[in-house]
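Report on the structure
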Amino acid sequence: MSNDTNTSGLQLRSLVTDDGHLQLFLKSAPITEPGPDEVVVRIEATPINPSDQATLIMPADVSTGVTTGSGEDTRYTAKLRKGIESRVQARIGKPLAVGNEGAGTVIKAGSSDAAQALLGKIVAVLDGALYCQYRTVNVMQCMPMNQGTTARDAASCFVNPLTALGFVETMRMEGYKAIIHTAAASNLGQMLNRICLKDGIDLVNIVRKKEQAELLKSLGAKYVCNTSDDTFMADLTAAIEETGAYIAFDATGGGDLGSRILSCMEKAALKDVARPGPYGSTTFKQLYIYGGLDISPTYISRNFGFSWGINGWLLTPFTQKIGLEKTMVLRQRVADELHTTFKSHYSDEISLSEALDKDTVTAYSQQATGRKFLINPSK
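Residues numbered from 1 in each chain as written. Predicted model: local features only at pLDDT ≥ 70, side-chain atom pairs only at ≥ 80, totals over all residues. Heavy atoms only, no water.

With respect to the overall build of the chain
Put simply, the test is: Helix and strand assignments come from DSSP, with helices taken as H or I runs of at least 4 residues and strands as E runs of at least 2, each series counted from the N terminus. It is over C-alpha atoms that the radius of gyration is taken, and the globule rule equals 2.2 Å times the number of residues to the power 0.38. Whether a residue is buried, partly exposed or exposed follows from its accessible area with a 1.4 Å probe, protein chains only, as a fraction of its type maximum: under 20%, in between, or over 50%, in that order.
Counting its secondary structure elements, the chain contains 10 helices and 20 strands. In terms of C-alpha radius of gyration, the chain reaches 22 Å, essentially the compact-globule figure of 21 Å for 379 residues. With the principal axes as the frame, the chain shows a C-alpha extent of 75 × 50 × 35 Å. Burial statistics for the chain: of 379 residues in total, 51% are counted as buried.

Encoded structure:
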């Protein structure tokens, strides 16, 4: 049972102003009393994921950032990126909460048996407003941790693990047998690699640097294609021919990488076709865009026949599609393999106020491979 007697806590907010700036600041808010099926969680660890950055800092030109004040009064201000104004019009004057996932201790629980069962336990939370010190959430938003798991261990239980498992489940549901994944050296990419190695699934990893390729190979990855190599297209086509990977999940979004993947799929599909028809191969090629590391427009050169699809992929619609029972099975696998398959690594641990420091903002906004930030709101 917690002896935490605080009645309010700090929350981080991201605001687009009417004079063309983005601001990050902290505000104090009362801790909401839990309803029957709710609990109050003291948030002790919450990661900065790429999925958080769209709200947190993506609209800002971080080279113009300045930080003023200190402690609870810290404020970060930067000019908006050029050309981004129309995309953030709806955000002007509306301070938005940030933080899709995190973990902490349940310090207060509602009257239901499900809520009371979580009292005093470490839980992972999926919510959307977890860059804060306290959060009141429904019990279904909580994943209870196995004995001995810390909040730091549990901080990244939802977004990356369930997304990686979701890719594998989508592959199976749609009748494919192997996967192509971009930005493959990321935390999520390494996690997907471990899942595929454990489950015996061929995974074609796409990276953009030699060091990233070497990292994945050291982790057991068999197929790694580097976009910086002159042989990238040939390497990718050969990997598709060998694995039959005709479903791809692209984290970059912008540029022409998705189009190039579809082109290689088509070339691989036509390898043994003596006389292809005017509409290309009959092999259906599926590209899912699930991220926006590149915010430039997406370019498609239609040289891959007529049997293809390009769709968006998001975690929440996916879990709604597979239903609660299957989602709970995936959640339990995450909890059971949290220290192995789904282990996350953090290079930096910062406080809420430190998340508003201009140099720190510049660092985490770069989303560099091997550097992942964890916010500890209780610091």
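Moving on from the model shown.
A look at unusual backbone geometry
A negative phi angle characterises most non-glycine residues, just as the trans form characterises most peptide bonds. The phi angle at Ala 183 is positive, at roughly 50°, despite the residue not being glycine. Mapped onto the fold, Ala 183 is located in the loop between strand E11 (178-181) and helix H5 (187-199). With relative accessibility at 25%, the residue Ala 183 sits in the partly exposed group.

Section: the packing of aromatic side chains
Each aromatic ring pair is characterised by the separation of its centres together with the angle its planes make. Counted only if it meets this: Within 6.5 Å between ring centres, the rings of Phe, Tyr and Trp (the latter by its six-membered ring) count as paired, and their orientation is classed by plane angle as stacked under 30 degrees, edge-to-face over 60, tilted in between. In this analysis the charged atom, NZ for Lys or CZ for Arg, is taken to sit over a ring once it is within 6 Å of the ring centre and within 35 degrees of the ring normal.
Per the stated rule, a full pass over the model turns up 9 aromatic pairs. Seen from their ring centres, Phe 167 and Trp 313 are 5.0 Å apart, and the 70° between their planes marks the pair as edge-to-face. Within this pair, whereas Phe 167 is found in helix H4 (residues 159-173), its partner Trp 313 is found in the loop between strand E18 (308-312) and helix H9 (315-336), the two being separated by 146 residues in sequence. The pair Phe 167 / Trp 313 is uniform in exposure class, with both members buried. With a centroid separation of 5.8 Å and an interplanar angle of 70°, the aromatic rings of Tyr 364 and Phe 373 are classed as edge-to-face. The buried category is assigned to Phe 373, whose relative accessible area is 3%. Among the aromatic residues, those joined into a ring-pair cluster are Phe 167, Phe 249, Tyr 288, Tyr 290, Trp 313 and Phe 318. Taking NZ or CZ as reference, Arg 302 lies 5.1 Å from the ring centre of Phe 306, over its face.

Observations regarding the sheet that holds strand E6 (residues 96-97)
Here is the rule: Two strands pair under a simple rule: DSSP has to find at least two bridges between them.
Strand order in the open sheet formed by 5 strands is E4-E5-E2-E1-E6, and the pairing between neighbours is antiparallel. Strand pairing shows two members of the sheet lacking a second neighbour, strand E4 (66-68) and E6, which therefore form its edges. Pairing geometry for strand E2 (residues 21-30) and strand E5 (residues 75-79), over 5 bridges, is antiparallel. Of the residues in E5, the one forming a bridge with Gln 23 is Thr 77.

Quick notes on the pattern of salt bridges
The condition that has to hold: The working definition used for a salt bridge is a side-chain nitrogen of Lys or Arg within 4 Å of a carboxyl oxygen of Asp or Glu.
Inspection of the entire model under this criterion finds 15 salt bridges. Among the salt bridges present, the one from Arg 152 reaches Glu 349, with a minimum N-O distance of 2.5 Å. Here Arg 152 is found in helix H3 (residues 151-154), whereas its partner Glu 349 is found in strand E19 (residues 348-350), with 197 residues between them in sequence. Arg 152 sits in the partly exposed class, given a relative accessible area of 35%. What makes Glu 349 partly exposed here is its relative accessible area of 32%.

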